[in-house]
Amino acid sequence: MEWSEKFNIGIDVIDNQHRQILDYINALEKIRATGAREQIKEVLDDLIDYTQSHFSFEENLLSQVNYQYLPSHRGIHELFVKRLNDCRQRFANGESVEHDLYRLLSKWLINHIQHDDQDYVDAVRDNMLHYLRSQEQKKGKSWFARFFS
Ligand SMILES: [Fe+2]
């Protein structure tokens, strides 16, 4: 699956992380036909770890801008992480889950980016503008101000 411009939500740091997840999904798809189980496990672990840290990053950003739908967004992330961990468990039990996982991930990721993530962009931008104005007076930059030019 190829990255498309229409997947960009317009916040560079998030777009780059989404691209990285897509790279892992593609790596999994590539390796599942030929790879040994150990190799598949490695990609699977990396993919799940990276996805979880991306979610934490996103939730941290959304909490800094007081995004009003953060609780439900977080709930969506939690449910998805649970499904990923179920897959990991099934794989550990000897089942072959790579194909299901590829379909789940690619469908879920694109849908999540284009709907749930797209929904917070305005809130992040509005809050950033407000925040940057207040920071200008203090002459400091927070970690998340760096992502906006
Ligand atoms: Fe999200």
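Everything that follows concerns the structure shown earlier in this document.
Residues numbered from 1 in each chain as written. Predicted model: local features only at pLDDT ≥ 70, side-chain atom pairs only at ≥ 80, totals over all residues. Heavy atoms only, no water.

### Thoughts on the nonpolar core
It is characteristic of soluble globular proteins that their nonpolar side chains tend to be buried jointly. Of all hydrophobic cores here, the largest spans 41 residues; its most connected members are Ile11, Ile14, Leu101 and Tyr120. Every element with two or more residues in this core is listed here: helix 1 (12-34), helix 2 (37-64), helix 3 (70-92) and helix 4 (98-138). Of the residues forming this core, the biggest block, 12 residues, is contributed by helix 4. What isoleucine 14 contacts, discounting residues up to four positions off in sequence, is Ile9, His54, Phe57, Glu58, Leu61 and Tyr120. (Core = buried A, V, L, I, M, F, W, Y, C linked by side-chain atoms within 4.5 Å. Buried < 20%, exposed > 50% of the residue type's maximum accessible area, 1.4 Å probe, protein only. Helix = DSSP H or I, 4+ residues; strand = E, 2+ residues; numbered from the N terminus. Contact = heavy atoms within 4.5 Å.)

### As for the environment of phenylalanine 147
The residue phenylalanine 147 is located in the segment after helix 4 in this model. Counting along the chain gives 19 residues from phenylalanine 147 to methionine 128, while the straight-line C-alpha distance between them is 10.0 Å. Ignoring any residue separated from it by four or fewer positions in sequence, one finds phenylalanine 147 in contact with Val13 and Phe57.

### Focus on the packing of aromatic side chains
Applying the stated criterion to the full structure yields seven aromatic pairs. Look at phenylalanine 55 and phenylalanine 80: their rings are 6.2 Å apart centre to centre, the planes differ by 70 degrees, and that puts the pair in the edge-to-face class. Placement of phenylalanine 55 in helix 2 and of phenylalanine 80 in helix 3 is noted, with a sequence separation of 25 residues between them. What makes phenylalanine 55 buried here is its relative accessible area of 4%. Taking relative accessible area as the criterion, phenylalanine 80 reaches 2% and is therefore assigned buried. Summarising the aromatic geometry, the rings of phenylalanine 55 and tryptophan 108 are spaced 5.8 Å apart at their centres and angled 65 degrees between planes, so their arrangement reads as edge-to-face. Separated by 53 residues along the polypeptide, phenylalanine 55 in helix 2 and tryptophan 108 in helix 4 bring together distant segments of the chain. Across the pair, tryptophan 108 and phenylalanine 55 agree in class, each one buried. An aromatic cluster of three or more residues is present, and its members are Phe55, Phe80 and Trp108. (Phe/Tyr/Trp six-rings, centres within 6.5 Å; stacked < 30°, edge-to-face > 60°.)

### Examining helix 2
With 28 residues, helix 2 ought to run about 40 Å at 1.5 Å a step, and its terminal C-alpha atoms sit 40 Å apart, in line with that. Residue asparagine 66 follows helix 2 closely and has a positive phi angle near 55 degrees. (Expected span 1.5 Å × (residues − 1).)

### Remarks on the pattern of salt bridges
With the rule as written, the count across this model stands at seven salt bridges. With its nearest N and O atoms 2.9 Å apart, the salt bridge here joins arginine 88 to aspartate 45. Here arginine 88, found in helix 3, pairs with aspartate 45, found in helix 2; they are 43 residues apart in sequence, far enough to count as distant. Accessibility expressed as a relative area gives 23% for arginine 88, which makes it partly exposed. Judged by its relative accessible area of 17%, aspartate 45 is buried. (Salt bridge = Lys/Arg side-chain N within 4 Å of Asp/Glu carboxyl O.)

### With respect to a negative patch on the surface
Taken together, the side chains of Glu38, Glu42, Asp46 and Asp49 present a region of like negative charge at the surface. Within the element layout of this structure, aspartate 46 appears in helix 2. Residue classification places aspartate 46 among the partly exposed residues on the basis of a relative accessible area of 35%. (Patch = residues over 30% accessible without salt bridge, like charges linked within 9 Å, V, L, I, M, F, W, Y side chains within 5 Å. Areas by Shrake-Rupley, 256 points an atom, 1.4 Å probe, with all protein chains shown as cover. Lys, Arg positive; Asp, Glu negative; His and termini not counted. Charge placed at Lys NZ, Arg CZ, Asp CG, Glu CD.)

### Side note on unusual backbone geometry
A positive phi angle, near 55 degrees, is found at asparagine 66, a position not held by glycine. With respect to the helices and strands, asparagine 66 occurs in the loop between helix 2 and helix 3.

Note that every value here comes from positions in space, so none of it alone points to a role or purpose.
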